[in-house]
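Spelled out from the first residue to the last, the chains are:
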Protein chains: 2
Amino acid sequence: MKDGAQPTRERILQAAGKLFHRDGIRAISVDAIAEKAGVTKRTLYYHFRSKDDLIAAHLQARDEPNLTLFKRWFDEAEGDIAAKVAGIFRHLAQSARDAKWKGCGFLRTSVELINLPGHPALVAARAHKKRIEDWLSSLFAEAGAGDDALPLARRIMLLLDGSFAVVLLHRDPSYMETAADAAAQLIADSLSGARGNGSDLPGAASVG
Amino acid sequence: MKDGAQPTRERILQAAGKLFHRDGIRAISVDAIAEKAGVTKRTLYYHFRSKDDLIAAHLQARDEPNLTLFKRWFDEAEGDIAAKVAGIFRHLAQSARDAKWKGCGFLRTSVELINLPGHPALVAARAHKKRIEDWLSSLFAEAGAGDDALPLARRIMLLLDGSFAVVLLHRDPSYMETAADAAAQLIADSLSGARGNGSDLPGAASVG
DNA sequence: CAATGTATACCGGGTAGTGAATATACACAA
DNA sequence: TTGTGTATATTCACTACCCGGTATACATTG
């Protein structure tokens, strides 16, 4: 660590983060990351055992800041809990309007590593998504959703990850506004205890 | 075309389909496809200009059968339109219980080709998803959803692609049951003309 | 000295795509 | 019927390159 500015390891991680997010895991070579970090490949391999190791470390490093951002978006939004969750989607829509927006790194990585079920990066990705789900679930529980809290959180996760997938494909952020409305509707339905309100569906509480 | 059994081109396409779906686009080499098809690589390049060409042809070939399958699942389900759409999700859940299930090839391909915006395979993927959305929209219009038909179809698409993404990550098909319930709920809400039923959200008709 | 960190040069393996030649089938003319 | 031309279909061998990872030696610092 000869430069006091930023430890070498962090610089590598940051370079990897940018490149992985921009082009994907497989499309980026270790050489490219080393060059972007201003470091030789051998140095990179001193700090990380393998490329897979680096990928996993990258996702682990993104977990906390990502969750924190979602919490901030929630906190900053006005209105009841439905409106505040919808606010997350609207912030997401705003981000997605940037041409350089590249969707959810956790989801994309999980697609690229589909044939390596035990990969540590997949474990990190699952943990991240579960953390968000748990956070949402606790929010709904506090708001009085009762047994509906978890299934409701799972519905929101479906809309969230669905947004990432659909907008990545169509490049049309308005889907995230659609998702915001749908999320708000589902939350309002659950919190008003409106199960069985004229519909013949199995009920909002079933988780399968 | 010396063998009457199956034209070479179709055999290549079929081999590519299996391998691409199993391991992903980038993970499969042209050599592997040629070998699986029982053909030399040079022959493959006679029938397809490039690997990208083959990828695009592969997705185009999947468009029709995929849509047909969804329609069959819809037709075969019992109950009102909400229950029939939910039936699609439940069939999907059944498929996803197979350990070899690999999610949606259109979505996965779009992730792998994210840095090639004009790639013909992406065009094919978008067209496919739009066809499903249009089909759903027409169903809802026939059922009397009026102006809600399209936004409702988009909500279902979000749940559908969200299911693919989430189940691919967590390997937990029960999310598709959750999606089935959510879809049925959203459809029932729209068709009962229940806008403004106690909730303060922007309304089911806004598309953004 | 010993621990940590960096640099150069290299290896073995895999990749998309190609050049040149060959085999097959069918149309048409002698 | 035989011969010839031509488009289709297929093969083997090859190039040029990129990738993850490593052997080895050198530098810096406590």
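Residues numbered from 1 in each chain as written. Chains lettered and ligands numbered in written order. Predicted model: local features only at pLDDT ≥ 70, side-chain atom pairs only at ≥ 80, totals over all residues. Heavy atoms only, no water.

An unreviewed UniProt entry lists chain A under the name Transcriptional regulator, TetR family, with Rhizobium freirei PRF 81 as the source organism.

A. Highlighting the relation of the copies chain A and chain B. Overlay of chain A on chain B (RMSD 0.1 Å): rotation 180 degrees, translation along the axis 0.1 Å. Seen this way, the second copy is the image of the first under a two-fold rotation axis. No C-alpha of chain A lies nearer the rotation axis than that of Gly-162 of chain A, which sits 1.7 Å from it. (Least-squares fit on C-alpha atoms with pLDDT ≥ 70 in both.)

B. Representation of helix α6 (residues 105-112) of chain B in the model. The element α6 of chain B is largely enclosed, with a buried count of 7 among its 8 residues. If you check which residues of α6 of chain B are buried, you get Phe-106, Leu-107, Arg-108, Thr-109, Ser-110, Val-111 and Glu-112 of chain B. Looking at the packing, one finds that the buried side of α6 of chain B touches α6 (105-112) and α8 (149-170) of chain A together with α1 (8-23), α4 (51-76), α7 (120-142) and α8 (149-170) of chain B. (Buried < 20%, exposed > 50% of the residue type's maximum accessible area, 1.4 Å probe, protein only. Helix = DSSP H or I, 4+ residues; strand = E, 2+ residues; numbered from the N terminus. Contact = heavy atoms within 4.5 Å.)

C. Representation of the protein's contact with DNA strand C in the model. Around DNA strand C sit 16 residues, and of these Thr-40 of chain A together with Lys-41, Arg-42, Tyr-45 and Lys-51 of chain B come closest. For DNA strand C, the fraction of atoms within 4 Å of the protein that belong to sugar or phosphate moieties is 52%. Contact distances for DNA strand C include 3.0 Å between a phosphate oxygen and a side-chain N or O atom of Tyr-46 of chain A. Within the side chain of Lys-51 of chain B, an N or O atom sits 2.8 Å from a phosphate oxygen of DNA strand C. For the surface near DNA strand C, the secondary structure elements donating two or more residues are α3 (41-47) of chain A together with α2 (30-36) and α3 (41-47) of chain B. Among the elements that line the surface near DNA strand C, the one with the most residues is α3 of chain A, at 4 residues. Residues that form the surface near DNA strand C fall into these classes: 5 nonpolar, 6 polar and 5 charged. (Near = heavy atom within 4 Å. Polar contact = N/O pair within 3.5 Å; in protein donor to acceptor, adjacent residues only side chain to side chain. Nonpolar A, V, L, I, M, F, W, Y, C, P; charged D, E, K, R; others polar.)

D. View of the packing of α4 of chain B against α6 of chain B. All names here are of chain B. Put simply, α4 and α6 touch, their axes get as near as 11 Å, and they point 155 degrees apart. Viewed along their axes, α4 and α6 adopt a mutual orientation that is roughly antiparallel. Here the hand of the crossing between α4 and α6 comes out left-handed. In this structure, α4 uses Ile-55, Leu-59, Arg-62, Asp-63 and Asn-66 to contact α6, whose residues at the interface are Gly-105, Phe-106 and Thr-109. Residue composition of the contact of α4 with α6, by class: 3 nonpolar, 3 polar and 2 charged. (Axes fitted to C-alpha atoms, helices over the stretch in contact; angles between N-to-C directions. Parallel < 35°, antiparallel > 145°, perpendicular 65-115°, else oblique. Left-handed = near helix turned anticlockwise from the far one by under 90°.)

E. How the structure looks around the protein's contact with DNA strand D. Near DNA strand D there are 16 residues, and of these Lys-41, Tyr-45 and Lys-51 of chain A together with Thr-8 and Thr-43 of chain B occur at the shortest range. For DNA strand D, the fraction of atoms within 4 Å of the protein that belong to sugar or phosphate moieties is 56%. A distance of 2.7 Å separates a phosphate oxygen of DNA strand D from a polar atom in the side chain of Lys-51 of chain A. One of the side-chain nitrogen or oxygen atoms of Thr-40 of chain B is found 2.9 Å away from a phosphate oxygen of DNA strand D. Where the surface near DNA strand D is concerned, the elements lending two or more residues are α2 (30-36) and α3 of chain A together with α3 of chain B. Residue composition of the surface near DNA strand D, by class: 5 nonpolar, 6 polar and 5 charged.

F. Layout of the environment of Tyr-175 of chain A. Here Tyr-175 of chain A lies in helix α9 (residues 174-191). Assessed through its relative accessible area of 0%, Tyr-175 of chain A is described here as buried. As for Tyr-175 of chain A and Leu-159 of chain A, which are separated by 16 residues in sequence, their C-alpha atoms are 10.0 Å apart. Discounting chain neighbours no more than four positions away, the residues touching Tyr-175 of chain A are Val-166, Val-167 and His-170 of chain A together with Lys-130, Glu-133, Arg-154 and Leu-158 of chain B.

G. Broad picture of the packing of aromatic side chains. Counted according to the given criterion, the structure contains 6 aromatic pairs over all chains. A centroid spacing of 5.6 Å and a plane angle of 80 degrees characterise the contact between Phe-74 of chain A and Trp-135 of chain A, whose relative ring orientation is edge-to-face. Residue Phe-74 of chain A is found in helix α4 (residues 51-76), and its partner Trp-135 of chain A is found in helix α7 (residues 120-142); the two are separated by 61 residues along the sequence. Of the two residues examined, Phe-74 of chain A and Trp-135 of chain A, each falls in the buried class. Consider the rings of Phe-70 of chain B and Trp-73 of chain B, whose centres lie 5.9 Å apart with planes at 25 degrees: the pair is stacked. Here Phe-70 of chain B pairs with Trp-73 of chain B, and both are found in helix α4, just 3 residues apart, close to one helical turn. Phe-70 of chain B gets classed as buried once you look at its relative accessible area, which sits at 4%. The ring of Phe-74 of chain A carries the charged tip of Lys-84 of chain A above its face, separated from the ring centre by 5.2 Å. (Phe/Tyr/Trp six-rings, centres within 6.5 Å; stacked < 30°, edge-to-face > 60°. Lys NZ or Arg CZ within 6 Å of the ring centre and 35° of its normal.)

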